[in-house]
Amino acid sequence: MKRIFFTLSFVSVLALTSCKEAASSKINVANVEVAAERDAAAKKVPVMEFDKVEHDFGTIEQNAPQETIFTFKNTGEGPLIITDATSSCGCTVPEYPKNTPILPGETGEMLVKFNGAGQNQITKTINVVTNTSKGNETLRIKAFITPKGAGPVGPVK
């Protein structure tokens with residue numbers, strides 16, 4: 001028992017005294033400066049502000065192609081990058097400046113094409129994936145779709 005205790009004590013003392021190097025002596029000052037600059041740049045986050053987040057096409061005829069433009073501005077401090085934009089269905093197609101930096105203060109446009117294949121009141125969403133603090137923005141389009149060749153909607157006089 002004494003031998004086990006003595007052996008464990010010796011191994012413990014050896015392990016604790018073998019790490020005498022000060023950790024602060026291993027720090028490279030150049031790396032600290034680079035890390036500080038990187039952290040400061042990471043705090044400069046872009047902010048994406050749209051002129052509108054919803055567009056109403058009103059009453060349209062079925063399968064009639066429609067387009068609208070969502071204009072946005074980078075009001076943040078860092079470059080804005082749109083990495084993806086997807087719609088809730090195949091009848092809505094967003095076109096945007098993919099992976100193109102939009103600098104602070106600059107504006108950009110997202111063209112949304114819609115063919116109106118459904119009927120009655122519809123609402124479609126476009127999910128825009130960006131490098132903002134939120135990470136994504138949601139846009140909506142809506143319309144009331146009448147069948148092709150149908151007369152006007154509403155009371156007849």
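Each remark here, short or long, concerns the structure printed above.
Residues numbered from 1 in each chain as written. Predicted model: local features only at pLDDT ≥ 70, side-chain atom pairs only at ≥ 80, totals over all residues. Heavy atoms only, no water.

A. Molecular detail of the overall build of the protein. When its secondary structure is counted, the protein shows 2 helices and 8 strands. When the elements of the protein are put in sequence order from the N terminus, they spell out α-α-β-β-β-β-β-β-β-β. Among the 157 residues that make up the protein, the fraction classed as buried is 25%. Excluding contacts between residues fewer than 6 apart, the proportion of contacts in the protein whose partners are at least 24 apart in sequence is 63%. A total accessible area of about 10700 Å² is found for the protein, and carbon and sulfur atoms account for 57% of it. (Helix = DSSP H or I, 4+ residues; strand = E, 2+ residues; numbered from the N terminus. Buried < 20%, exposed > 50% of the residue type's maximum accessible area, 1.4 Å probe, protein only. Contact = heavy atoms within 4.5 Å. Areas by Shrake-Rupley, 256 points an atom, 1.4 Å probe, with all protein chains shown as cover.)

B. Structural detail: the sheet that holds strand S3 (residues 66-74). Spatially, the 4 strands line up as an open sheet ordered S1-S3-S6-S5, and their pairing is antiparallel. One side of each edge strand has no neighbouring strand; the edge strands of this open sheet are strand S1 (48-50) and strand S5 (92-95). The mean angle between the axes of side-by-side strands here comes to 30°, regardless of whether they run parallel or antiparallel. Here 4 bridges tie S5 to strand S6 (residues 107-114), and the two strands are oriented antiparallel to one another. Directly across from Val93, in S6, lies its bridge partner Lys113. (Pairing = 2+ DSSP bridges. Axes fitted to C-alpha atoms, helices over the stretch in contact; angles between N-to-C directions.)

C. Molecular detail of the pairing of S6. In S6, alternate side chains face the same way, and those of Gly108, Met110, Val112 and Phe114 are buried while those of Thr107, Glu109, Leu111 and Lys113 on the opposite face are not. The pairing of S3 with S6 spans 8 bridges and is classified as antiparallel. Looking across to S6, one finds that Gln66 is bridged to Phe114.

D. The arrangement of the nonpolar core in detail. In terms of nonpolar packing, the biggest core is built from 22 residues, with Met110, Phe114 and Val128 touching the most fellow members. Among the secondary structure elements, those contributing two or more residues to this core are S1, strand S2 (54-61), S3, strand S4 (82-87), S6, strand S7 (120-130) and strand S8 (136-146). Broken down by element, this core gets its largest block of residues, 4 residues, from S8. Contact partners of Met110, with chain neighbours within four places excluded, come to Thr68, Ile69, Phe70, Phe72, Ile82, Ala85, Pro94, Glu95, Tyr96, Ile126, Val128 and Leu139. (Core = buried A, V, L, I, M, F, W, Y, C linked by side-chain atoms within 4.5 Å.)

E. Quick look at the pattern of salt bridges. In the structure shown here, the tally under the stated rule is 4 salt bridges. Across the pair Arg140 and Glu54 runs a salt bridge whose closest N-O atoms are separated by 3.3 Å. Taken together, the residues Arg140 in strand S8 and Glu54 in strand S2 connect sequence positions 86 residues apart. Lys142 is the partner of Glu54 in a salt bridge, and the nearest nitrogen-oxygen pair spans 3.3 Å. You can see Glu54 sitting in strand S2 and its partner Lys142 sitting in strand S8, a full 88 residues away along the chain. Classification of Glu54 by relative accessible area gives partly exposed; the value is 34%. Several salt bridges share partner residues, and in doing so they unite Glu54, Arg140 and Lys142 into one network. (Salt bridge = Lys/Arg side-chain N within 4 Å of Asp/Glu carboxyl O.)

F. Inspection of the sheet that holds S8 at higher detail. Here we have 4 strands laid out as an open sheet, ordered S2-S8-S7-S4, and mixed in their pairing. Each edge of the sheet is formed by a strand with only one pairing partner; in this case those strands are S2 and S4. Between one strand axis and the next, the sheet turns through 20° on average, direction left out of account. Where S4 lies against S7, 5 bridges are found, and the strand directions are antiparallel. Paired with Ala85 across the two strands is Val128, which belongs to S7.

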